[in-house]
Amino acid sequence: MNIQNNGYLSIEQLTDQYLNRAKGTESASNTEQLSFREILQQKSLENRTEETGSAGSLRFSKHALGRLSDRNIQLNTEQLERLNDGARKAGQKGIRDSLVIVDQLAFIVNVPNQTVVTAMDSTATDENIFTNINGAVIA
């Protein structure tokens, strides 16, 4: 590519400049950036699930990890087992998007993907209204 020193850019320079910038921003916006805290929580939950020996254990979405962190919700091993069991029961009944209640905690689980979509405690459910679910399990 020839660089012109007259202060004007050539068509090739403009094309390269704008097309390369568009590609760079596209790839940056498509990659999800997780904070260290979210990664640590996710790995901790995965380790607890592996310790319980649950096959087909649940994953937590970035949104759900953020909600757990924001609301200072910490699951113990027994609660995590009950959450997994509730999601398994929902799948057996053909539920796709389930509300799973464990103690005072509510989780929305996408059953086919085995993913916890969001999490809340009793203080976060002001109106006790849950949408976009087609079943509920009290675990």
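Conventions and cut-offs
Residues numbered from 1 in each chain as written. Predicted model: local features only at pLDDT ≥ 70, side-chain atom pairs only at ≥ 80, totals over all residues. Heavy atoms only, no water. Helix = DSSP H or I, 4+ residues; strand = E, 2+ residues; numbered from the N terminus. Buried < 20%, exposed > 50% of the residue type's maximum accessible area, 1.4 Å probe, protein only. Contact = heavy atoms within 4.5 Å. Pairing = 2+ DSSP bridges. Axes fitted to C-alpha atoms, helices over the stretch in contact; angles between N-to-C directions.

Some remarks on the environment of Ile73
And step 1. Mapped onto the elements, Ile73 comes out in the loop between helix 3 (62-70) and helix 4 (77-92).
And step 2. A relative accessible area of 7% means that Ile73 is categorised as buried.
And step 3. As a C-alpha pair, Ile73 and Leu105 span 32 residues in sequence and 8.5 Å in three-dimensional space.
And step 4. In contact with Ile73, not counting residues within four places along its chain, are Leu68, Leu105, Met120 and Asp121.

Description of the pairing of strand 3 (residues 105-110)
And step 1. Among the six residues in strand 3, six count as buried, and that is most of the element.
And step 2. Here strand 3 shows no split at all, with Leu105, Phe107 and Val109 on one side and Ala106, Ile108 and Asn110 on the other all buried.
And step 3. The turn joining strand 2 (residues 97-102) and strand 3, which pair antiparallel and follow one another in sequence, is formed by two residues; a positive phi near 55° is taken by Asp103.
And step 4. Sheet topology places strand 3 next to strand 4 (residues 115-121); six bridges connect them, and they run antiparallel.

Re the sheet that holds strand 5 (residues 135-138)
And step 1. Reading across the sheet, the five strands line up as 1-4-3-2-5 and stay open at both edges, with mixed pairing between neighbours. Strands with a single pairing partner mark the edges of an open sheet, and in this sheet they are strand 1 (59-60) and strand 5.
And step 2. Of the pairings in the sheet, the one linking strand 1 to strand 4 comprises two bridges and is parallel in character. Bridging across to strand 4, Arg59 finds its partner in Thr115.
And step 3. Helix 3 contacts strand 1, strand 3 and strand 4 of the sheet and is inclined by roughly 20° relative to strand 4.
And step 4. Relative to the sheet, helix 4 contacts strand 1, strand 2, strand 3, strand 4 and strand 5, its axis offset from that of strand 2 by approximately 150°.

A word on the side chain of Gln79
And step 1. Relative to the elements of secondary structure, Gln79 occurs in helix 4.
And step 2. Residue class for Gln79 comes out buried when judged on its relative accessible area of 10%.

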